[in-house]
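# Structure assessment
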Amino acid sequence: MTKYLLPLALVCSLTWTACENKKEKVTSHEGSLSPAEALKSFELEPGFKIELLASEPLVASPVDMEIDEDGRMYVVEMPGYPLDKSGTGKIKLLSDTDGDGVMDKSVVFAEDLTLPNGIMRWKKGVIVTDAPDVLYLEDTDGDGKSDVRKKLLTGFSLSNPHVNVNNPIYGLDNWVYLSHLGAIGTRKYGTEFGDTGSEVHFADQAGGPQLPKNASSNNVRFRPDSRELELASSRSQFGHTFDRWGSHLLTHNQNHIYHEVIAARYLARNPSLVVSNATQPISDHGDATEVFQITTNPDRQLFTPVGVTTSSSGITAYLGGLFPAPYDGNVTFVAESVSNLVHVDVLKEKGATFVAGRQHPGKEFLASKDSWSRPVNMYVGPDGALYVLDYYRRIIEHPEWMSDEAVEAGGLYDGHDMGRIYRITPTGTGKPDWTKGVSLGKSSPKALVAHLADKNIWWRQNAQRLLVDRQDVSIVPDLEQMVSSSTVPEGRLHALWTLQGLNKLSAPLIAAALADREAGVRENAVRLAELHLKTAPELEKALVGLEKDPSDKVRFQLLCTLGFVASGEAAAVRQRLLFRDIQDEWVQIAAISADSSQTVPLLKEVLARYDAAQPAYGSLVRRLTAMVAAGRDLGEVHQLVRMALSGKGKQREAAVLEGLAQGVKRRKDATNILASELPSLVDAALTHPVSEVRKAALDVLKSGKPMPKALLTASLQRAEKVIGNTSLAAADRSLAVSLFGLDENLPAHIDFLKKLIQPKEEPEVQMAAIRMLDKVPGKETGAFVLSKWESLTPDVRDAALDLFITDKERVPLLLDAIETGKVQSSGLGYLRGVRLMSHSDDALRDRARALLTGGEDKEKAIKEYQKSLELTGDPNKGMQVFVQHCSICHQVRGEMGVVFGPDLGTVHNWLPKDLLANILDPALAMAPGYDYWGITLNTGETIQGTIASETSSAIQLRQAPGVERTVNRQDIQSIQTLKMSPMPSFAGQIEQQAMADLIAFLRNSRQQNK
């Protein structure tokens, strides 16, 4: 129902194809405000002030900045966004020559960059992200212009620019971290941005470390000096940040803040573990949260969501030490350019992760009345100020998700030669003195060590980087002294990691840090101990001593780290940690991520302690048994099957079998590994007294290789008797029908299955028979079902429709039936309609689209619905329309529906005409995060849906509201975006008055839900 809008606010548009040579863009500034006028348009949190640091003509289209240890200010300009690859990108050096705190001079440090979007100080130069490369630029002669340009990494996709590799950050652990979302599908600009990348590697090192194609669309970390290169377990769109203890916080599109909970190295050590998501959304006010815009005359395109985060970018943890509480260390800021504002979240710890909450209901930290103001990124400076980079454009949308008419109208590049950088500080703060120069770069080693305890992250981070870069080991005693005696926790923390960067961190110092009074230091000490376990095994004793640490974060990190320790004592501690916090999903994942040799002992302990009253035990058993079944210990697999079938247990035994089925399905054996258990599994599927166990036993039978012919024949004969016994429950009989799916020669049973589809038979049995007929290829079964159509009840009809979707030969039969009126298209449901309209056969796809979208009838209906805008809507009646037509995919303020599309509680301030357009034709535009994907598996099966989450090992596919499926990457033959929306059109589906009522409800949902 709603338009899913492009994230990242760096967006502008071209009305001409990207050129080979740089061209002047014909643009207008009409409607823009001067820097002085724009400054007056802001509303800022009381107690703070905002000042202008720089503006055009010194800077244009700014997207990132860096202030180095000498006070030089670098700004990344990206005027070519979104289509111009002719090399208009620049890095500029800004300076304040008169010392008044405002920049007044600009020098081009580097130019001829494609679409640069991130910068970080490194050694004597800067690291710049400019897909497909990560570059190192340096000025060796002191003229303010780079004369060294070196590719560090290459292979990233040069895709739609807002998902390209971006924003390098120097991490607490001395790695350089890169934000990266990966290539996305393009419907309009395949020539310009169809690149999907290659293997990511160091550009000048043959045979060095290499990541998969386009880094599997994940974030990346690397160490330029030691040539180390790794995938992260998460992905982020434009921008990412770390809290003071090193927790990685990310942003993407509408999900304005989420947390990478578990690192890739823990997930990688156990190949049997499949985890589709290593991140946790942490906002307590919605992933796509409501924002409060004050823009006077917002310049929006037709499908721009209003009132909800849709372009989140530049997430920044404020660690500057200047702001008052509650902004002094536990907050993050995120830019929201579409709504011309900056949103703030206050973070609180919750188990292994966090909860991010609003500071104020109904109000933002910073908002502008100027519709051209487009904050996209932020930076914490040496003065503790928060600097906001304002891209400043008339239009921020990307032409990929705009109507052709809007693109052709022009004006989409207005403001490309403008841009502002603002400084936010507490009221009463003086002018920035760093603009007159900073002496950190000339500091002695001892002075740099002192800066590690500074209240401002800028000084701590840069001092650590300089000390590690210089590799002056004479300073080690001073660093050790700071670890031992500093009263500032951050000082002890940075000293530890600096020693690690110098390769001079001793085991005794780590052991002492494990007992630090600050939880964040202890958490990092555990990470550091992990790096030294091979050379200092005595650290294990100190680690296991943290078992009862009062901090959830420390215990979680301990659980992750002990997964690398194979001793009995470490295993015992891991088990106790698991059972203490078993309700935390992340604790479960951390516990089972240990080396696969430790999986079976843990499973036995979980089974022994199984508590049916706690659902967490069931999920943990399924995970563990799946890992065992996918592994090499076949003896243990046989024992688990026998255990699950030996008694009359319920949840525990069913969970064991369900997990085994998942694991066996992932195996590549040539023969059935459960051959000796097959008779017992058949018995359980047909006669076990517990329905959950019967279903799970059948799942195990389906997951393996075919059973011997004699056993299969005997089993199906038994199944026929069960089906024919009408005194049994329908659920028992329908499950017996499903056993026929075990026979590869299913057509041999087609006559028997047809006999089950009759009015006097139980609907559940009929639906099971139809599901079996679905597995028989060809037109015969489709023609048979249509011959019975008039006698089929609604539930049976619904099941029968799937039979037509799965077979190309049966699709024409269904389309014929829809065309003649025998089958109503409204009964297809949105998912089947989408599959038909995205069919791989062009003729079938076109015919389906003509039938299901209404063609000329639809266009007529859209025109006719304009009348609904003149009617007075009733919000109460509109709520009922929402429940009937929209709640299958959407909620309103967390209620009344299914979480699939965005929450529609945030569209209350949309214009009625915009709501109408989106309701009638949601396929006109889709943004990243809601692309519809088609996946072909190695088995030949095709599945479709939106990607809910993914890791390097698996994809979580959201196929329908409430229907998700985890797909192991090794099972994927191909994957591609489908050029359509999964949302249905409501043209012709509801009356004019009902449309008016629905619009009234959506515009008044805040009152209706009170």
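The rules behind each value
- Residues numbered from 1 in each chain as written.
- Predicted model: local features only at pLDDT ≥ 70, side-chain atom pairs only at ≥ 80, totals over all residues.
- Heavy atoms only, no water.
- Helix = DSSP H or I, 4+ residues; strand = E, 2+ residues; numbered from the N terminus.
- Buried < 20%, exposed > 50% of the residue type's maximum accessible area, 1.4 Å probe, protein only.
- Contact = heavy atoms within 4.5 Å.
- Areas by Shrake-Rupley, 256 points an atom, 1.4 Å probe, with all protein chains shown as cover.
- Salt bridge = Lys/Arg side-chain N within 4 Å of Asp/Glu carboxyl O.
- pLDDT = per-residue confidence, 0-100.
- Pairing = 2+ DSSP bridges.
- Axes fitted to C-alpha atoms, helices over the stretch in contact; angles between N-to-C directions.
- Parallel < 35°, antiparallel > 145°, perpendicular 65-115°, else oblique.
- Left-handed = near helix turned anticlockwise from the far one by under 90°.
- Core = buried A, V, L, I, M, F, W, Y, C linked by side-chain atoms within 4.5 Å.
- Phe/Tyr/Trp six-rings, centres within 6.5 Å; stacked < 30°, edge-to-face > 60°.
- Lys NZ or Arg CZ within 6 Å of the ring centre and 35° of its normal.

## Some thoughts on the overall build of the protein
In terms of helices and strands, the protein carries 34 helices and 33 strands. By residue count, 61% of the 1010 residues in the protein fall in the buried class. The contacts in the protein between residues at least 6 apart in sequence include a share of 68% that link residues at least 24 apart. Total accessible area computed for the protein in this model is approximately 38,600 Å², and 49% of it derives from carbon and sulfur atoms.

## Re the pattern of salt bridges
Per the counting criterion, the structure on display carries 50 salt bridges. Between Asp68 and Arg121 there is a salt bridge whose closest N-O contact spans 3.8 Å. Of the two residues, Asp68 is situated in the loop between β3 (62-67) and β4 (73-77) and Arg121 in strand β7 (residues 118-122); the sequence distance between them amounts to 53 residues. This pair shows no difference in class: Asp68 is buried, exactly as Arg121 is. With a closest N to O distance of 2.8 Å, Glu530 and Arg265 form a salt bridge. In this pair, Glu530 is assigned in helix α10 (residues 519-531) and Arg265 in helix α3 (residues 264-268), connecting sequence segments 265 residues apart. A relative accessible area of 12% places Glu530 in the buried class. Owing to a relative accessible area of 32%, Arg265 belongs among the partly exposed residues under this scheme.

## Points about the confidence of the model for the protein
Scored by pLDDT, the protein comes out at a mean of 88, with 88% of its residues at no less than 70. Predicted confidence is poor over residues 1-20, with pLDDT under 50, and the contacts of this stretch with residues over four places away or in other chains come to 120 contacts. Ignoring residues within four places in sequence, the model shows residues 924-928, a span with pLDDT below 50, making 23 contacts including any to other chains.

## Quick look at the sheet that holds strand β18 (residues 248-252)
Here four strands make up an open sheet; going across it, the order is β17-β18-β19-β20 and the pairing antiparallel. Of all the strands in the sheet, the pair left with one neighbour each is β17 (240-242) and β20 (279-281). Averaged over all pairs of adjacent strands, the angle between their axes in this sheet comes to 30°, without regard to strand direction. Taken together, the four bridges between β18 and strand β19 (residues 255-260) define a ladder with antiparallel strand orientation. Its bridge partner lying in β19, His248 is registered against Glu260.

## Concerning the packing of helix α15 (residues 599-608) against helix α17 (residues 634-646)
As a packed pair, α15 and α17 sit with axes 12 Å apart at the nearest point and diverge in direction by 15°. With respect to each other, α15 and α17 are oriented roughly parallel. Here the hand of the crossing between α15 and α17 comes out left-handed. In contact with Val600, Leu603, Lys604 and Leu607 of α15, α17 contributes Glu636, Leu640 and Met643.

## Here we look at the nonpolar core
Met73, Ile262, Leu657 and Leu681 are the most contacted members of the largest nonpolar core, which totals 174 residues. Apart from residues no more than four positions distant in its own chain, Ile262 is found in contact with Ser233, Leu267, Ala278, Phe556, Cys560, Trp586, Ile589 and Ala590. Membership of the second largest hydrophobic core comes to 47 residues, among which are Leu135, Val165, Phe202 and Ala215.

## Thoughts on the pairing of strand β9 (residues 133-138)
Regular strands place side chains that alternate from one sheet face to the opposite one. Burial analysis of β9 places six of its six residues in the buried class, the great majority of the element. Because side chains alternate across β9, one face comprises the buried residues Asp133, Leu135 and Leu137, and the other comprises Val134, Tyr136 and Glu138, equally buried. Taken together, the six bridges between strand β8 (residues 125-130) and β9 define a ladder with antiparallel strand orientation. Bridging across to β9, Gly125 finds its partner in Glu138. In this sheet, strand β10 (residues 148-154) lies alongside β9 in antiparallel orientation, the contact comprising six bridges. Residue pairing for β10: Glu138 is matched across the bridge by Val148.

## Describing the packing of aromatic side chains
We describe a pair of aromatic rings using the distance from one ring centre to the other and the angle between the two ring planes. The tally for this structure, following the rule as stated, stands at 20 aromatic pairs. The interplanar angle of 15° and the centroid separation of 3.9 Å between the aromatic rings of Tyr318 and Phe323 together place this pair among those described as stacked. Judged on exposure class, the residue Tyr318 and its partner Phe323 are both buried. Considering the side-chain rings of Phe882 and Phe1001, the 5.6 Å spacing of their centres and the 50° angle between planes classify their relative orientation as tilted. In this pair, Phe882 is assigned in helix α31 (residues 875-885) and Phe1001 in helix α33 (residues 992-1003), connecting sequence segments 119 residues apart. When sorted by exposure, Phe882 lands in the same class as Phe1001, which is buried. Within the aromatic cluster, the residues linked to one another by ring pairs are Phe48, Tyr318, Phe323, Tyr327, Phe333 and Phe365. Seen from the ring of Tyr392, Arg420 lies directly overhead, with NZ or CZ sitting 3.8 Å from the centre.

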